[in-house]
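Survey of secondary and tertiary structure
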Amino acid sequence: MSNFDKVRIVLVNTSHPGNIGGAARALKNMGLSRLYLVAPKEYPADRAVWRAASALDVLDNAVVVESLDEAIAGCGLVVGTSARERRIPWPLVNPRECGTRVWQEAAEHDVAIIFGREDRGLTNEELHKCTYHVHIPSNPDYSSLNLAAAVQVLCYEVRMASLADAEGVLPSFDEWDQPPAKAQDLEMYYKHLEQALVDIGFHDRDNPRQTMTRLRRLYGRIRLDEMELSILRGVLTAIQNAAYRMKKVIESKE
Ligand code: SAH
């Protein structure tokens, strides 16, 4: 399996089927093939077929799912695209760094680049599932590219990285002894963490503020590996058990 086969291009809630076809063509032109469609508004559609031209195979093999979590399950790296600045800054890579990282990591595990809706991009919640954000440095006065055009730019950078790799001029990738935690396991961990923080009275779901977002960003910056994640889950369970025992002791004294 080549690195190309481990790169998923994920389109979230796309409105215009023409963009889905255009994206399929952009993938195939650059040697990619795995298109994921999260709850597309109108699909299958003739307009997608027309715009796909000779990339019909990519369109035929597109995986349609209901949620972003399904589309990124199994991925060790998730990159979210953004046409503008967001309120809480996230680790940011430029398109070239994105191509390099995606290509290098795709030697080891599945990776995903996710693209947002034509009218309002990705939600904060979706962006907070990502390890990195990538912004195409466009004209600040008109920064939002057409969806399929943005897919084209980032797929092109993956191709450039593959060519640099073939020439032996790609910077070397930091080796790590454990695989990175996968997207679905991280989601489970954040749910567990939130519950544990509620159990010990640190976190209030009715007044969440930015706590969970900031914790996601903290853990994301560390790039937890699978072993570290399972240790942390064990720690949470022990904390919850201790809190439960303490509660019982207090209740028995009342
Ligand atoms: N009005 C929306 C723009 C959405 S453009 C917003 O403000 O977010 C549709 C999608 O194309 C975006 O979600 C993103 O995936 C991609 N895109 C468009 N312009 C981009 C840019 N300059 N950098 C990175 N991705 C971009």
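Here's what I pulled together on the structure shown here. (Residues numbered from 1 in each chain as written. Predicted model: local features only at pLDDT ≥ 70, side-chain atom pairs only at ≥ 80, totals over all residues. Heavy atoms only, no water.)

Further remarks concern the pattern of salt bridges. Oppositely charged side chains can form a pair if their charged atoms are brought close together. This model, assessed by the stated rule, comprises 14 salt bridges. A salt bridge links arginine 47 to glutamate 42; the shortest N-O distance between them is 3.1 Å. Taking the relative accessible area as the measure of exposure, arginine 47 reaches 39% and is therefore partly exposed. For glutamate 42, a relative accessible area of 37% gives the class partly exposed. When salt bridges with common partners are traced through the structure, they connect Asp69, Lys129, Glu187 and Arg216 into a single cluster. (Salt bridge = Lys/Arg side-chain N within 4 Å of Asp/Glu carboxyl O. Buried < 20%, exposed > 50% of the residue type's maximum accessible area, 1.4 Å probe, protein only.)

What follows covers the packing of aromatic side chains. Inspection of every chain in the model, using the stated rule, returns four aromatic pairs. An aromatic cluster of three or more residues is present, and its members are Tyr189, Tyr190 and Tyr219. (Phe/Tyr/Trp six-rings, centres within 6.5 Å; stacked < 30°, edge-to-face > 60°.)

Once that is clear, we can look at the nonpolar core. The nonpolar side chains of soluble globular proteins are, as a tendency, buried together. With 41 residues, the main nonpolar core has Ile9, Leu11, Leu32, Leu35, Val102, Phe115 and Val151 as its most contacted residues. Here this core gets eight residues from one element, more than from any other, and that element is helix α7 (residues 147–166). Those residues in contact with leucine 32 that sit more than four places away from it in its chain are Phe4, Val7, Ile9, Leu27, Val58, Cys155 and Val158. Among the nonpolar cores identified, the runner-up in size contains 16 residues, and Leu68, Ala71, Ile114 and Leu127 belong to it. (Core = buried A, V, L, I, M, F, W, Y, C linked by side-chain atoms within 4.5 Å. Helix = DSSP H or I, 4+ residues; strand = E, 2+ residues; numbered from the N terminus. Contact = heavy atoms within 4.5 Å.)

Strand order in the open sheet made by the seven strands is β3-β2-β1-β6-β4-β7-β5, with parallel pairing throughout. Edge strands, defined here as strands with exactly one partner in the open sheet, are β3 (63–65) and β5 (92–93). Most of the contacts of α7 go to strand β6 (residues 110–115), to which it runs at about 150°, and overall it touches β1 (7–12), β4 (75–81), β6 and β7 (132–134). (Pairing = 2+ DSSP bridges. Axes fitted to C-alpha atoms, helices over the stretch in contact; angles between N-to-C directions.)

Another point: unusual backbone geometry. Look at the link from tyrosine 43 to proline 44: it is a cis peptide, with omega at 0°. Counting through the fold element by element, proline 44 comes out in the loop between β2 (34–38) and α2 (46–52). Its identity as a non-glycine residue notwithstanding, asparagine 13 has a phi of 55°, on the positive side. One can find asparagine 13 in the loop between β1 and α1 (17–29). Backbone geometry at arginine 209 places phi at a positive 45°, although glycine is not the residue there. By the secondary structure assignment, arginine 209 is in the loop between α8 (183–199) and α9 (211–222).

Moving on to the packing of helix α5 (residues 95–105) against α7. As a packed pair, α5 and α7 sit with axes 8 Å apart at the nearest point and diverge in direction by 60°. Regarding the angle of α5 to α7, the classification is oblique. Here α5 runs over α7; the crossing is right-handed. Taken together, the residues of α7 that come into contact with α5 (itself represented by Pro95, Arg96, Gly99, Thr100, Val102 and Trp103) are Leu154, Glu157, Val158, Ala161, Ser162 and Asp165. Classifying every residue of the contact of α5 with α7 by side-chain character gives six nonpolar, three polar and three charged. (Parallel < 35°, antiparallel > 145°, perpendicular 65-115°, else oblique. Left-handed = near helix turned anticlockwise from the far one by under 90°. Nonpolar A, V, L, I, M, F, W, Y, C, P; charged D, E, K, R; others polar.)

Taken together, 21 residues are adjacent to the ligand, and Thr81, Arg84, Ile136, Ser143 and Leu145 come closest. Taking threonine 81, its side chain carries an N or O atom lying 2.5 Å from an oxygen atom of the ligand. Calculation on the ligand without its partners gives an accessible area of 550 Å², and the protein chains cover 93% of this total. Classifying every residue of the shell around the ligand gives seven nonpolar, eight polar and six charged. (Near = heavy atom within 4 Å. Polar contact = N/O pair within 3.5 Å; in protein donor to acceptor, adjacent residues only side chain to side chain. Areas by Shrake-Rupley, 256 points an atom, 1.4 Å probe, with all protein chains shown as cover.)

Another aspect to go through is the pairing of β6. Here β6 lies mainly inside the structure; six of its six residues are buried. Across the two faces of β6 the burial is the same, with Asp110, Ala112 and Ile114 and Val111, Ile113 and Phe115 all buried. Taken together, the five bridges between β1 and β6 define a ladder with parallel strand orientation. Note on β6: the bridge partner recorded for valine 7 is valine 111. Alignment of β4 against β6, held across five bridges, turns out to be parallel. Its bridge partner being in β6, glycine 80 is matched across the sheet by isoleucine 114.

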